[in-house]
Amino acid sequence: MAQTKRIELFGDWILAKPYAVTKEEAQATRVGIILPVMVQEELQKNRADRAIVLDVGPDVKNVKIGKKICFLRFAPFEVEFDEDKFILIRAIDLIGIIP
């Protein structure tokens with residue numbers, strides 16, 4: 001049976017599913033330097049969050065379904081459908097797209 005669409009987005013809203021940063025991503029820098037636990041904890045407090053885009057509103061031009069996005073922790077609204085947690089965020093609140 002096909003899954004029905006749960007929400008129709010308007011304007012520049014994006015529906016996304018948050019995902020966790022892997023332990024390896026949290027421990028090492030881009031060049032592979034292992035960070036001390038104290039530094040990792042400080043970065044975790046101030047870090048941006050990540051999610052995978054599931055749907056976009058009609059006014060969203062630069063973000064496509066399936067892309068990974070980066071955004072500030074307090075920007076999105078959390079919503080729950082059928083016990084799954086998602087976020088709604090405006091395109092203007094994104095920091096960028098993760099390659």
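Before going into details, it helps to say that this report is about the structure given with it. The structure presented is a predicted model; accordingly, all values stated were derived computationally and were not measured. Each chain has its residues counted from 1, running along the sequence as written. Local features in this predicted model are restricted to residues whose pLDDT is 70 or higher, and side-chain atom pairs enter the listing and the counts only when it is 80 or higher, whereas totals over whole chains, interfaces and linings include all residues. The basis for every side-chain value is the complete set of heavy atoms in the structure, and neither hydrogens nor water enter the calculation.

Describing the pattern of salt bridges
When the charged atoms of two side chains with opposite charge come close together, those side chains can pair.
Phase 1: A side-chain nitrogen of Lys or Arg and a carboxyl oxygen of Asp or Glu constitute a salt bridge if their distance falls within 4 Å. Enumeration according to the criterion identifies one salt bridge in this entry.
Phase 2: Here Arg90 ties to Asp12 by a salt bridge, and the two come within 2.9 Å at their closest N and O atoms. In this pair, Arg90 is assigned in strand β5 (residues 84-90) and Asp12 in the segment before β1 (13-18), connecting sequence segments 78 residues apart.
Phase 3: Note on exposure labels: buried denotes an accessible area under 20% of the residue type's maximum, exposed denotes more than 50%, and partly exposed covers the range between, all computed with a 1.4 Å probe on protein chains only. Given a relative accessible area of 16%, Asp12 falls into the buried group. Segments assigned H or I by DSSP are reported as helices when at least four residues long, segments assigned E as strands when at least two residues long, and all are numbered from the N terminus.

Structural notes on the environment of Phe10
Phase 1: With respect to the helices, strands and loops of the structure, Phe10 is situated in the segment before β1.
Phase 2: Sequence separation of Phe10 and Gly57 is 47 residues, and the distance between their C-alpha atoms is 4.9 Å.
Phase 3: Other than its neighbours up to four places away in sequence, Phe10 contacts Gly57 and Pro58. The contact criterion used is simple: two residues touch if any of their non-hydrogen atoms lie within 4.5 Å.

Here's the deal with the environment of Val53
Phase 1: Relative to the elements of secondary structure, Val53 occurs in strand β2 (residues 48-56).
Phase 2: Take Val53: its relative accessible area is 1%, and that puts it in the buried class.
Phase 3: Along the backbone, Val53 and Lys64 are 11 residues apart, and their C-alpha atoms lie at a distance of 7.1 Å.
Phase 4: For Val53, the contacting residues outside a window of four places in its chain are Ile14, Leu15, Ala16, Val63, Lys64, Ile65, Gly66, Lys67 and Ile69.

Examining a negative patch on the surface
Phase 1: On the surface, a cluster of negative charge is contributed by Glu80, Asp82, Glu83 and Asp84.
Phase 2: You can see Asp84 is positioned in strand β5. The patches reported here contain residues having more than 30% relative accessible area and no salt bridge. Joining distances are 9 Å for like charges and 5 Å for nonpolar side chains (Val, Leu, Ile, Met, Phe, Trp, Tyr). Method for areas: the Shrake-Rupley scheme with a 1.4 Å probe, in which residue coverage is limited to the protein chains shown. Residues counted as positive are Lys and Arg, residues counted as negative are Asp and Glu, and His and the chain ends are not counted. In this description, the location of a charge corresponds to atom NZ of lysine, CZ of arginine, CG of aspartate or CD of glutamate.

Distances and angles like these do not, on their own, reveal function.
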